[in-house]
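Given next are the chains, with one letter for each unit.
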Amino acid sequence: MRQVVRSSVAVIAFALLATSCGSDSGDDAGTTSGAEKVTITSPADGATVQVPFKLAWDSTVPLGPPDTGKDHVHVYVDGDESDYTVVGGTTFQVKDLAAGEHTVEISLQHADHTPVGPTSEVTVTVEGGGGSESPTSDDNGGGGYGY
């Protein structure tokens, strides 16, 4: 009888393990497969830019405005995560940065604004600057959400 119980426990444990190791496509908000990535492709890290300049990135997951249920990115400057713009596409126009060195970061977010995890950043030197610290303006799928 003990052998039957041990075998049953082993079968149940194996079944639970097999179910928990199933693949996750990452399509559902709130789930991740670990393969999600977002990478800034332009401008290059260390570049000297003039405002306005286009920030561009690649993502391994489909992006869209939060109301579509798709992931999106938050764009922020100089580590100020409380002042960001929501972008549902893969490009963004950065405007009005003061002259000097700035770090521009993007963070991949679920539709409910919880972090997926991946981030990417570049440091740029702005020549001539816009004189304001209001960092960003949208040109593709974000902003205007009041976030």
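Thresholds applied
- Residues numbered from 1 in each chain as written.
- Predicted model: local features only at pLDDT ≥ 70, side-chain atom pairs only at ≥ 80, totals over all residues.
- Heavy atoms only, no water.
- pLDDT = per-residue confidence, 0-100.
- Contact = heavy atoms within 4.5 Å.
- Pairing = 2+ DSSP bridges.
- Helix = DSSP H or I, 4+ residues; strand = E, 2+ residues; numbered from the N terminus.
- Axes fitted to C-alpha atoms, helices over the stretch in contact; angles between N-to-C directions.
- Patch = residues over 30% accessible without salt bridge, like charges linked within 9 Å, V, L, I, M, F, W, Y side chains within 5 Å.
- Areas by Shrake-Rupley, 256 points an atom, 1.4 Å probe, with all protein chains shown as cover.
- Salt bridge = Lys/Arg side-chain N within 4 Å of Asp/Glu carboxyl O.
- Lys, Arg positive; Asp, Glu negative; His and termini not counted.
- Charge placed at Lys NZ, Arg CZ, Asp CG, Glu CD.
- Buried < 20%, exposed > 50% of the residue type's maximum accessible area, 1.4 Å probe, protein only.

Moving on to the confidence of the model for the protein. Per-residue pLDDT for the protein averages 78, and the proportion of residues at 70 or more is 65%. A low-confidence stretch, residues 4–31 stays under pLDDT 50, and its non-local contacts, those more than four residues away or across chains, total 12 contacts. When the criterion is pLDDT under 50, residues 133–147 qualifies, and its contacts beyond four places in sequence or with other chains add up to 49 contacts.

What follows is about the sheet that holds strand β8 (residues 115–127). Spatially, β2-β8-β7-β4-β5 is the arrangement adopted by the 5 strands of the open sheet, whose pairing is mixed. Where the open sheet ends on each side, the last strands, each with one partner, are β2 (48–50) and β5 (84–87). In this sheet, neighbouring strand axes are inclined to one another by 35 degrees on average, regardless of whether the strands run parallel or antiparallel. As paired elements, β2 and β8 share 3 bridges and run parallel to each other. Looking across to β8, one finds that threonine 48 is bridged to threonine 125.

With that settled, consider the pairing of strand β3 (residues 53–59). As a general feature of sheets, a regular strand has side chains that alternate between the two faces. Of the strand pairs in this sheet, strand β1 (residues 38–42) and β3 are connected by 4 bridges, and their pairing is antiparallel. Bridging from a neighbouring strand, valine 38 pairs with serine 59 of β3. Note that β3 and strand β6 (residues 91–94) share 4 bridges and pair antiparallel. Each residue of the ladder has a partner; that of leucine 55, found in β6, is phenylalanine 92.

A few words on a negative patch on the surface. On the surface, a cluster of negative charge is contributed by Asp78, Asp80, Glu81, Asp83 and Glu101. As for its placement among the helices and strands, glutamate 101 is situated in strand β7 (residues 100–109).

Inspection of the secondary structure puts valine 86 in strand β5. On the basis of relative accessible area, valine 86 is assigned to the buried category, the value being 2%. Along the sequence, valine 86 and histidine 113 sit 27 residues apart, while their C-alpha atoms lie 9.3 Å from each other.

The next thing to look at is the environment of valine 75. Mapped onto the elements of the fold, valine 75 is located in strand β4 (residues 72–77). Residue classification places valine 75 among the buried positions, given a relative accessible area of 1%. Measuring from C-alpha to C-alpha, the distance between valine 75 and valine 104 comes to 7.3 Å, with 29 residues separating the pair along the chain.

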